[in-house]
Every structure is written in structure tokens, then in C-alpha cells.
Amino acid sequence: SQLSNQITNIMRLPSPELQRQAMPAFKEKLTSFRKRYADCLSKEGGYADKCLQRLHHLSDYTSNSDPKTEAIWRKQRLDKILVDYFLRNSHYETALQMVKSGGIEDIVDTELFISGRDIENSLGAHDVGPCLQWCHENRSRLKKTRSTLEFNLHTQCFIEQIRTKDYMGAIQYAQRFLVESEGMSKEKLQETMVLLAFKPSTECEKYKALFSEDRWQELVLEFRASNYELHHLHTDSLMSTVLQSGLSAIKTHQCYSSEKSGDCPVCNEPLNSLATPLPFSHCTQSRLICRISGQPMNEHNAPMMLPNGNVYGEKALTEMMASEGIVTCPRTNEKFWLDQAQKVYVM
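Scoring rules and cut-offs
- Residues numbered from 1 in each chain as written.
- Predicted model: local features only at pLDDT ≥ 70, side-chain atom pairs only at ≥ 80, totals over all residues.
- Heavy atoms only, no water.
- Helix = DSSP H or I, 4+ residues; strand = E, 2+ residues; numbered from the N terminus.
- Rg over C-alpha atoms; globule rule 2.2 N^0.38 Å.
- Contact = heavy atoms within 4.5 Å.
- Lys, Arg positive; Asp, Glu negative; His and termini not counted.
- Charge placed at Lys NZ, Arg CZ, Asp CG, Glu CD.
- Axes fitted to C-alpha atoms, helices over the stretch in contact; angles between N-to-C directions.
- Parallel < 35°, antiparallel > 145°, perpendicular 65-115°, else oblique.
- Left-handed = near helix turned anticlockwise from the far one by under 90°.
- Nonpolar A, V, L, I, M, F, W, Y, C, P; charged D, E, K, R; others polar.
- Pairing = 2+ DSSP bridges.
- 1 Å grid on protein atoms, 1.4 Å probe; cavity = no way out; pocket = protein on both sides within 12 Å on 5 of 7 lines; lining within 4 Å.
- Points joined across faces, edges and corners; volume = space filled by probe spheres on them.
- Core = buried A, V, L, I, M, F, W, Y, C linked by side-chain atoms within 4.5 Å.
- Buried < 20%, exposed > 50% of the residue type's maximum accessible area, 1.4 Å probe, protein only.

Moving on, we get to the overall build of the protein. Within the protein, the regular secondary structure consists of 15 helices and seven strands. Relative to its length of 347 residues, the protein is extended, with a C-alpha radius of gyration of 33 Å against a globular reference of 20 Å. Considering only residue pairs separated by 6 or more positions, the protein has 49% of its internal contacts joining residues 24 or more positions apart. Put simply, the protein has 41 plus and 43 minus side-chain charges, and the middle of one group is 6 Å from the middle of the other.

It is at 8 Å that the axes of helix α3 (residues 67-88) and helix α4 (residues 92-102) come closest, and there the two elements cross at 160°. The angle between α3 and α4 places the two elements in the roughly antiparallel class. Handedness of the α3/α4 crossing: left-handed. Here Gln76, Asp79, Leu82, Val83, Phe86 and Leu87 of α3 lie close against α4, whose contacting residues are Tyr92, Thr94, Ala95, Met98, Val99 and Gly102. Looking at the contact of α3 with α4 residue by residue, the classes come out as eight nonpolar, three polar and one charged.

Here the focus is the sheet that holds strand β7 (residues 342-343). With antiparallel pairing, the three strands of this open sheet are ordered in space as β4-β3-β7. The open sheet terminates on both sides in strands that have one partner only, identified here as β4 (311-313) and β7. Its contacts with the sheet place helix α15 (residues 314-324) against β3 (303-305) and β4, and it is angled at close to 80° to β4.

What the largest pocket holds in volume is close to 1100 Å³. What lines the largest pocket is a set of 28 residues, among which Lys43, Tyr47, Asn138, Arg141 and His231 lie closest to the centre. Every element with two or more residues in the lining of the largest pocket is listed here: α2 (16-62), α5 (110-124), α6 (129-137), α7 (139-144) and α12 (214-230). Sorting elements by how many residues they give to the lining of the largest pocket places α2 first, with nine residues. Its residues assigned to classes, the lining of the largest pocket shows nine nonpolar, nine polar and 10 charged. Its boundaries defined by the atoms lining it, the second largest pocket holds a volume of some 940 Å³. Lining the second largest pocket are 25 residues, with Thr252, Gln254, Ser261, Arg287 and Ile289 sitting closest to its centre. Of all elements in the fold, only α13 (238-250) and β1 (288-289) reach the threshold of two or more residues within the lining of the second largest pocket.

Core analysis: the biggest nonpolar cluster contains 29 residues, and Leu123, Trp134, Leu153, Phe158 and Leu195 have the highest contact counts within it. Mapped by element, the contributors of at least two residues to this core are α5, α6, α8 (149-163), α9 (167-178), α11 (205-211) and α12. When residues no more than four places from it in sequence are discounted, the contact partners of phenylalanine 158 are Ala170, Ile171, Tyr173, Ala174, Leu178, Thr192, Met193, Leu195 and Leu196. Grouped together as the second largest cluster of nonpolar side chains are 13 residues, Leu87, Met98, Phe113 and Ile114 included.

We now examine empty space enclosed by the protein. Applying the stated criterion to the full structure yields one cavity of 30 Å³ or more. Considered as a void within the structure, the largest cavity measures approximately 60 Å³ in volume. Lining the largest cavity are Leu87, Tyr92, Phe113, Gly116, Arg117, Glu120, Phe223, Arg224, Asn227 and Tyr228. Contributions of two or more residues to the lining of the largest cavity are made by α5 and α12. Of the residues in the lining of the largest cavity, the class split is five nonpolar, two polar and three charged.

Take a look at the structure:
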């Protein structure tokens, strides 16, 4: 639409001479547009190829019943989950080595994280230039998500000028970049401009936080979140999602009681703490498990209650009786004869 409007404006010029003079500038814009179009076309082709490769990867699992092929597919899936976790936690070299050794280049988004790493490193070095350039390139998409990243970057530049006592430079910078910034409320602008009246060593908590060096790390995290949102990536890693799903499926109230099982993953740390905020599993049918053997207690392994009230499987008690001549309760270390145990019936 911009090119068509420019052509219309050129045609409306009153003389052929003026039209000829306007042509070089139009030609330059047309060349720039053609280059951007070719770049976009190349990127879209790459994205289409990746989608095709991932569809083939999924079809390999659904269309092949060979156990060896299925094992390879599951190994690649696990590698993909681990690579995603490593990339999100800045273990880039480990992730790249795993991608290369596993041959999963086509099913992971390493380029997205690697390009983001360079910007995160520049922010860690107190350089906002690359991140501002990234914001400029994605301004229309960031505007749709109502991102405040660009404003916070300019705010940090404003703060750094105050830190160096360049107050006039800070005022000019604010007039240029902060006053007309989109999404900037009047209250936020006032709060930022008040920094001119404070020193970086201020003890006022509200403004001490703005002068803090921790703001650079906050910018790194905000850029990372904006980058994920821009590319429709979830903030949680695949590792976290899969782990939480598994923990929630086996989490029971007994996992947080005094009688925990040593064989249950959720009963033991650190998974016990990780599963705390997750919902308990929904069990439509309960199963009794022998604490000694870990085997289900049913009609083939009847639950037997000792005189102290603790219940164990008949098979485990019988084996203990055969080896020791007497039954010892593993919870209380009390000793009983096997004929003192009573069979339990569950209705």
C-alpha cells in the first residue's frame, strides 16, 4: 500500500521533470522492498521445511510398529525435551552438543534461543543497543502484545545518564524517547522523571530499586518473556510440563502423611516439594500395596492385619515367617506369630 501511494503521489506531480526527479528515491525504496520480500520468502521457506520435517517425525511414530524404531523415536523425544530445558536455562553449549549427537536439528528451535542469547549477553553487559534494534524490528508485533520492553529499555538509558550526572542529557533523552512512548502512563512518567531529584545512593526504597543493578537482570527476563510470547512459546519448559503431568498422576494424600512409601517418587525429595502445588490424582479404584514387598494385596495376596493394627500382604508375612520363624512388624519392630494375624476384608 505504501508503494502504491507513492506511485500515486509521483503521478500527481505537475510536470514530467519533477516526476523524473522523484524516480531515484522511488527506485531505492523499491529495491529495499524487493530485498525484504526475498528475505521473508526465504524465511517462510525455511519454516515450511521445518514443519514438514516435524510432520514426518510425528508420522514415523504413528505409522511404524517396529519396537526398535519406536525406541529411537522415544529417545529423540526425550532429547528434544532436554534440549528445550537446557536452552531455556542458558546451557547453550550442552544443548547444541545434544542436538548434534542426537540428530534432532529439524525438530528443535535452536536458532530462536541462540539469537536471543546474544541480546541477553548484551543486556548483561549493560548495552541496550541490540535489544532496542530487536524491538524496532518487531515493533508492530510487540504493540499487539502490549509489551513494555522498549519503554523499560529507554528508562534504563535515562537512569544510566542520571547515574553519570548527565542531567541535561537525561532530560533531552526523556523528551525524545519517554514522553511520546506508547503505553506510557502519566503516573509512570512522573515516577521516572522524579529520579532527577535523587542520587543513585538514595535510601528511599521506591527509587533505590530503580537505581539498582538488578534492573539489568529484570530486563533480560522481560526480553526473554517477550521473545517467547512473540514466537508463541510457553513460559514453562517441556520438561516442567511433562514432569508436572507425571507427578500429578501419581500424587496421593499419603505422599504428604507420616506414612510415606520409599518406592513412591512423590513421597521422596526433591519431587515431594515440586509436587506440592499440583492437584492430587483422581483415583476411581483404590489398590492396596504391601509395604514390605510392594506387591498389590488382592485375592491372590490377602491383606493380613497384625495385632498392632498394621496391615501387610500374606505372601510377605509367609516368607518372613519361613526365614525368621516369626513375623516382625517393620514399622514398630514388634514380633508376632503368623497365626496371630487376621485376614482383612475390604468392602
